[in-house]
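# Structural description and commentary
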Amino acid sequence: MTDLPVLRGYERWLKRNATWFIPALENMRTLSICYTPYSSDYHKNEEYYVAFEAVADVIGVYHDAILDRYGQNDLKIKNDTAAARFVKKILCVTEKIQLLVEILAMRRTKDKWRYIVAIEAIKLILRLYLLFKNEGRPLCTYTPEELQKMNNRSKCMEIAHQNFPELSSKSGIRDEENFSDLILMYARHGRGVDPHGDFIVQKSSQSEDSSKPTQTEIVSEIFYLARPLIYSGLRCTTHSKDFTPWVASLTTDLMSLLLKKLATMEKETATATTDAVKKKKKKNMMMDDELAVVVVVVVVVVV
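Residues numbered from 1 in each chain as written. Predicted model: local features only at pLDDT ≥ 70, side-chain atom pairs only at ≥ 80, totals over all residues. Heavy atoms only, no water.

## Digging into the packing of helix α4 (residues 113-133) against helix α8 (residues 215-237)
With their axes 8 Å apart at the nearest point, α4 and α8 run at an angle of 165° to one another. Our classification of the angle between α4 and α8 gives roughly antiparallel. Here the hand of the crossing between α4 and α8 comes out left-handed. Where α4 approaches α8, its residues W113, R114, I116, V117, E120, A121, L124, R127, L128 and L131 are matched on the opposing element by E221, I222, L225, A226, P228, L229, Y231, S232, G233, R235 and C236. In the contact of α4 with α8, the residues fall into 14 nonpolar, two polar and five charged. (Axes fitted to C-alpha atoms, helices over the stretch in contact; angles between N-to-C directions. Helix = DSSP H or I, 4+ residues; strand = E, 2+ residues; numbered from the N terminus. Parallel < 35°, antiparallel > 145°, perpendicular 65-115°, else oblique. Left-handed = near helix turned anticlockwise from the far one by under 90°. Contact = heavy atoms within 4.5 Å. Nonpolar A, V, L, I, M, F, W, Y, C, P; charged D, E, K, R; others polar.)

This is how it looks when you write it as structure tokens:
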């Protein structure tokens, strides 16, 4: 992860003690979130409590990166390269510290909306990049079953890197790629690789929709992602009692829903047209077969 000796030592220590240290840290964070609002000085020192929670969340993201694990807020990306994973981590950290920045801006400055606009602009840029890497598909998180499967695969890949370093140099396997299912099975059970020869790298077996989204669907998703920035930007430029930000936000949502509905209708029309063409083609083929049979019969009779 890093070249700094202190952090490198901590990362090695974390990998050895992650089974008890990570749950203990999560329990401390949960207790803090549950009981700190009942403290008598919570509202007076709210930023300090929120800062503790934000730091704990960021540390959790750092630990997931060290252990090569997927978190609950990780987004499913079709082209999940190292750059895309780095952008996902930056987006996750930005979301974790957003509340802290808003509270500090509200308590220390007169205009908090400028900071909110800056954060929303950063989030929009990162999400648009991830939308591009996902080929225009909506950005969704993993289900619990998918999350467990991905984390199990990441753990096995880490074991495979440790047990079979000769494969990494021989096959050119990089961290952003996956070992084959066979080598992951061998890594899980600690078996060697020489008796069965080389192993082949295969792509991740994530279930992705093979159909590419239409331009209407992509524009709909962009409207959906841009709504927070539109709202905060208008709140920054208008007074507090102005309804323009609310109207603009509602309009953006309605436009997104309308475009998504249009995209669904376009797909249904295209599917119906394709089915009609297939039926017509099949009917023509049957007519051609019948005509061929008639011609053969006539030829036989004439002969």
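Don't stop here, the text continues.
## Quick notes on unusual backbone geometry
Despite not being glycine, E135 has its phi angle at roughly 60°, a positive value. Summarising the element assignment, E135 is placed in the loop between α4 and α5 (144-163).

## Brief notes about the environment of I230
Within the element layout of this structure, I230 appears in helix α8. For I230, a relative accessible area of 31% corresponds to the partly exposed category. Each C-alpha atom, one on I230 and one on E120, is 9.1 Å from the other, the two residues being 110 residues apart in sequence. Ignoring any residue separated from it by four or fewer positions in sequence, one finds I230 in contact with A248 and T252. (Buried < 20%, exposed > 50% of the residue type's maximum accessible area, 1.4 Å probe, protein only.)

## Brief notes about the packing of helix α3 (residues 82-108) against α4
For the pair α3 and α4, interaxial distance at closest approach is 10 Å and the crossing angle is 165°. Between α3 and α4, the crossing angle belongs to the class labelled roughly antiparallel. Between α3 and α4 lies a crossing of left-handed hand. Between α3, through A83, A84, V87, K88, I90, L91, T94, E95, Q98, V101, E102 and A105, and α4, the contact on the second element is made entirely by Y115, I116, I119, E120, I122, K123, L126, R127, Y129, L130 and K133.

## Concerning the pattern of salt bridges
This model, assessed by the stated rule, comprises seven salt bridges. Here R137 makes a salt bridge to E135, at a shortest N to O gap of 3.1 Å. Since its relative accessible area comes to 7%, R137 is described here as buried. With its nearest N and O atoms 3.3 Å apart, the salt bridge here joins R227 to D253. Of the two residues, R227 sits in helix α8 while D253 sits in helix α9 (residues 244-302), which places them 26 residues apart along the sequence. Look at R227 and you get partly exposed, because its relative accessible area is 26%. (Salt bridge = Lys/Arg side-chain N within 4 Å of Asp/Glu carboxyl O.)

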